[in-house]
Amino acid sequence: MKQLNWQKSSYSGENIDCVELASDGELVRIRESDAPAAVITTTKAKLAAWIQGAKAGEFDHLTL
């Protein structure tokens, strides 16, 4: 995989255990910072739909 510019949420602060995302053309790569070799690939459209659901609270029960 080529060199990617990984980004984490500003809400992560200095925490090293966080989820990171990187744009790769029309794809988005997702990984956990403490396990960077395990990368999930999705499309920008699928990620946008997931983010919309997250903003609507559809996944809040997973964080409680």
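Heads up: the structure comes first, above all this text.
Described below are features of the structure shown in this document. All values reported here derive from a predicted model rather than from experimental measurement.

## What to know about the overall build of the protein chain
Scanning the protein chain from N- to C-terminus turns up 1 helix and 4 strands. When its helices and strands are written in sequence order, the protein chain yields β-β-β-β-α. Here the protein chain holds 64 residues, and the buried ones make up 20% of them. Sequence separation of at least 24 residues holds for 10% of the intrachain contacts in the protein chain that already meet a minimum separation of 6. Counting only carbon and sulfur atoms, one obtains 55% of the accessible surface of the protein chain, whose full area is about 5,200 Å². Averaging the locations of the 7 positively and 9 negatively charged side chains of the protein chain gives two centres separated by 9 Å.

## Quick look at the packing of aromatic side chains
In total, this model carries 1 aromatic pair according to the counting rule given. Here Trp50 and Phe59 contribute two aromatic rings whose centre-to-centre distance is 5.1 Å and whose plane-to-plane angle is 20 degrees, an arrangement assigned as stacked. The exposure class assigned to Phe59 is partly exposed, which follows from its relative accessible area of 27%. For the cation-ring pair, Arg31 lies above Trp6, with the distance from its terminal atom to the ring centre recorded as 3.9 Å.

## Topic: the side chain of Arg31
For Arg31, the location among the structural elements is in strand β3 (residues 27–32). In this structure the side chain of Arg31 is engaged in a polar contact, spanning 2.7 Å, whose partner is the side chain of Glu20. When sequence neighbours within four positions are dropped, the list of residues in contact with Arg31 reads Trp6, Cys18, Val19, Glu20, Pro36, Ala38 and Val39.

## Examining the pairing of strand β2 (residues 19–24)
What you see with β2 is a clean split: Glu20, Ala22 and Asp24 sit on the buried side and Val19, Leu21 and Ser23 on the side with no burial. Direction of pairing for strand β1 (residues 7–8) relative to β2: antiparallel, over a ladder of 2 bridges. The partner of Gln7 across the bridge, within β2, is Leu21. Bridge count between β2 and β3: 6 bridges; the pairing is antiparallel.

The rules behind each value
- Residues numbered from 1 in each chain as written.
- Predicted model: local features only at pLDDT ≥ 70, side-chain atom pairs only at ≥ 80, totals over all residues.
- Heavy atoms only, no water.
- Helix = DSSP H or I, 4+ residues; strand = E, 2+ residues; numbered from the N terminus.
- Buried < 20%, exposed > 50% of the residue type's maximum accessible area, 1.4 Å probe, protein only.
- Contact = heavy atoms within 4.5 Å.
- Areas by Shrake-Rupley, 256 points an atom, 1.4 Å probe, with all protein chains shown as cover.
- Lys, Arg positive; Asp, Glu negative; His and termini not counted.
- Charge placed at Lys NZ, Arg CZ, Asp CG, Glu CD.
- Phe/Tyr/Trp six-rings, centres within 6.5 Å; stacked < 30°, edge-to-face > 60°.
- Lys NZ or Arg CZ within 6 Å of the ring centre and 35° of its normal.
- Polar contact = N/O pair within 3.5 Å; in protein donor to acceptor, adjacent residues only side chain to side chain.
- Pairing = 2+ DSSP bridges.

All quantities given are derived from atomic positions and should not be read as evidence of function.
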